[in-house]
Amino acid sequence: MLWLALVFPEWPLQARFRAQAHTQPLAVAAKQRVVALDAAALAQGVRHGQRMADALALAPELLTRPRDSAVEASALKDAAGCALHFTPHVALETDGLLLEIAGSIRLFGGLDGLLRVLRSALAAAGFHALSACAPTPRAARWLALGTPGRTIGSPGALPAALNALPLEVTEAGEARLATLREAGLRSVGDAMKLPRDALALRDAQALRRLIDQALGQTADPRPFFSLPPEIDSRLELPVPRHDVDVLLFAASRLFNSACTQLAAAYAGIAECQLELQHEHTAPTRLVLRTGTPTHDARLLASLTREHLARITLPEAVTALRLRAPDWIEQPGRSRDLFGTQAPSPQDRQEARDVLVERLRARLGHDAVYGLSARGDHRPERAQQRDEPGRAQPATGKPQRPLWLLPEPELLAERDGQPWRNGPLHCLGRAERIEAGWWDDAAGSDHPAEALRDYYIAVGPRQEKLWIYREHRAPYRWYLQGLFA
Amino acid sequence: MSASSLHTLLHRPDVWRANDTAVDTCPTVSTGHPALDAELPGGGWPIGDMSEVLTDCCGHGEVSLLLPMLAQASQADGWVAWVAPPWYPNVSALAAAGLCTPRMLVIQAVSAGERVWALRHALNSGACSAVTGWLDRVDTALLRRLQLAVREAALPLVLFRPASDAHMASPAALRLQVSVAAEGEVRVDILKRRGRPANRPVHLGTRPGIPVRRADILRRRPALALVG
């Protein structure tokens, strides 16, 4: 067994803002006392446990937020979801994770390799962690709190490693630790040296049990985290912002953590909702659709970019929330031995779906379409817009123009000839189209019934047009299409 | 030196003769018009390079110039993207020209920036086998981006631009100016191509969709009279 403990320093702050860049000092407070702060606040003299009034006196610009344990729990689940990518055995602590990694080390090319990949996955989701490894989960956590970066491989080396750690890492409760401090105990080693009875006298049997667990002498069972099959994560901006780049950066934090979780669950999403929350108005909701299930964070980010380019936000954004309720299982796909291969039909289909969604995100849903043939002889009704790639095939007809006007255009008539910047000369014989007598044309300028004689006509610049004359009074001429 | 050894020498790929068009350029796809192919380096539309058709024609067969290539591309497993066509493409005419119409993707975009953006995405997506688009009032920086995208995508890209843009510099590898010649003919001037510049225009009979000419009608009249 080898346990990797991750501790997220200043967790109330990390969970809320996920390491977004900001200029003002930040702090999170509970019961009017500072519980977490950033480097800028620390530099101005703010300290943990300080009263809010004192902290604001030291740093007037300090931005503060109340502590929210629900936000922290939800962010911890996101982090745990990312960690599931590396081992199925992940246990939650209040501000950290415990990962049993003995079985995964080889897969990632050693402990250093695993740590490197894990750190970058967490960093992409906006988390920064201190870590340490030990054969028991409690010892790993104590080491991560006391001397981050250490790795203890064998249980025999544990007592020596724990000896020098300050007593605070045991997290045995502030009141109990205060009693022990008064008794002259400073380090874990001091407590280990005391006989059990002596600890019991000082109401510190609990501490002895923790030490036994850390040394592996008492069982320390941990419930493992299992991934809920949905994503609902939220991220707050330190200051309300409008800028697309800032919003995209914040959103990519959410996408990265969501996509690492999806990858760990061998799942993808075809649709998700990004909610941009405002202070006063109702949230702006962006629905991101990918066509095919995906867990590609960059794709989601680029779709968001197109959406943001198209909309105007009613006011600055205070927080982002990503929801992806419907997961679609995505079994792994095998690649050939040498990595490269011709795109499979599935790859092609994915590429098409991605293209259509990306174009629609920026240009609007109706601006991207395929054309389907319909069983109607009236040219303006013989085809209709359809989903790209799902259009009905057309049968070729000779003597049809390449371009069709959206609506037939009324032509002037001079000396009995149709006129468009000059006289139009009809070529050949007329093609009669009579159709649509069954359609009701109520409320339309054009009668639905078509009684028309179509001609190919040559205009003054030698252009070839497709025109028709109504086969009933008032026998008007119309332009329907152009031969290009 | 015998004639045959001179012949082999002249056909070495590293020997270039000044009256040749560039031969070993990028791959091409035939235009479907033999007279035009003969004048184009590599014998067709360049693949992985931008081509421009500069024309003010409308209704003269300027798009028909492209149809054989688009028809061929639509037979491959990819879409044929039409970015900002001036009117609706008519599927029955396109099907008659051999296009597989369910593989058509029509994209409407208004500004030049959006059109170029859509063209670049269509090129880079890996979903298309040919891309064509209509542009006007486009600056060279946007065209350069497009040229980079098409080079990466290795697809044929043909842009339609107004004839007034002919004087503007363009990164396109091939620029054709299409204008009206006699009836049923277009005149194609090759403004720019790889290798030796072209000095004579190509005349192509397009006669779009018109199997009967006026002469045919005149000839048919007596026949009609006979039947009557």
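Look above for the structure.
K.L.:
Residues and numbers for the overall build of chain B, please.
P.N.:
Secondary structure summary: chain B contains seven helices and 11 strands in total. Counting over 228 residues, chain B shows a buried share of 45%. Sequence-distant contacts in chain B: of pairs separated by 6 or more residues, those separated by 24 or more amount to 66%.

K.L.:
Describe the sheet that holds strand 9 (residues 174–180) of chain B, with residues and values.
P.N.:
The strands making up a sheet are joined through hydrogen bonds of the backbone, oriented either antiparallel or parallel. Strand order in this open sheet of 10 strands is 14(A)-13(A)-6(B)-4(B)-7(B)-8(B)-3(B)-9(B)-10(B)-11(B), and the pairing throughout is mixed. The open sheet has two edge strands with one neighbour each: strand 14 (383–386) of chain A together with strand 11 (202–205) of chain B. Between one strand and the next, the sheet's axes are offset by a mean angle of 25°, whatever the strand orientation. Most of the contacts of helix 3 (residues 67–75) of chain B go to strand 7 (residues 128–134) of chain B, to which it runs at about 145°, and overall it touches strand 4 (79–83) and strand 7 of chain B.

K.L.:
So, the interface of chain A and chain B: which residues are in play, and what are the values?
P.N.:
A common way to report how large an interface is uses the accessible area buried once the components associate. Facing the 47 residues of chain A at the interface are 43 residues of chain B. Among the secondary structure elements, those contributing two or more residues to the side of chain A that touches chain B are helix 14 (345–363), strand 13 (368–373), strand 15 (403–414), strand 17 (425–435), strand 19 (464–470) and strand 20 (477–482) of chain A. The element best represented in the side of chain A that touches chain B is helix 14 of chain A, accounting for eight residues. A class-by-class count of the residues in the side of chain A that touches chain B yields 29 nonpolar, 10 polar and eight charged. Pairing analysis gives two bridges linking strand 13 of chain A to strand 6 (residues 104–107) of chain B, with the strands arranged antiparallel. If you follow Y369 of chain A over to strand 6 of chain B, its bridge partner there is V106 of chain B.

What counts and what doesn't
- For every chain, the first residue of the written sequence is number 1, and numbering continues from 1 onward in sequence order.
- Ligands are numbered from 1 and chains lettered from A, in the order in which they are written.
- Reporting of local features is limited, given that this is a predicted model, to residues whose pLDDT is at least 70; pairs of side-chain atoms are given and counted only at 80 or more, and all residues count toward the totals for whole chains, interfaces and linings.
- Only DSSP runs of H or I reaching four residues or more are called helices, and only runs of E reaching two or more are called strands; each is numbered from the N terminus.
- Here a residue counts as buried when 20 or more other C-beta atoms fall within 10 Å of its C-beta, as exposed when 12 or fewer do, and as partly exposed in between; the C-beta atoms come from the backbone.
- Placing a C-beta atom from the backbone of each residue, one calls two residues in contact when those atoms lie within 7 Å.
- Each pair of strands is called paired provided DSSP finds at least two bridges between the two strands.
- As a rule, the C-alpha atoms of each element are fitted with a line to give its axis, helices using only the stretch in contact, and angles between N-to-C directions run from 0 to 180 degrees.
- Side-chain classes follow a simple rule in which Ala, Val, Leu, Ile, Met, Phe, Trp, Tyr, Cys and Pro form the nonpolar group, Asp, Glu, Lys and Arg form the charged group, and the remainder, Gly included, forms the polar group.

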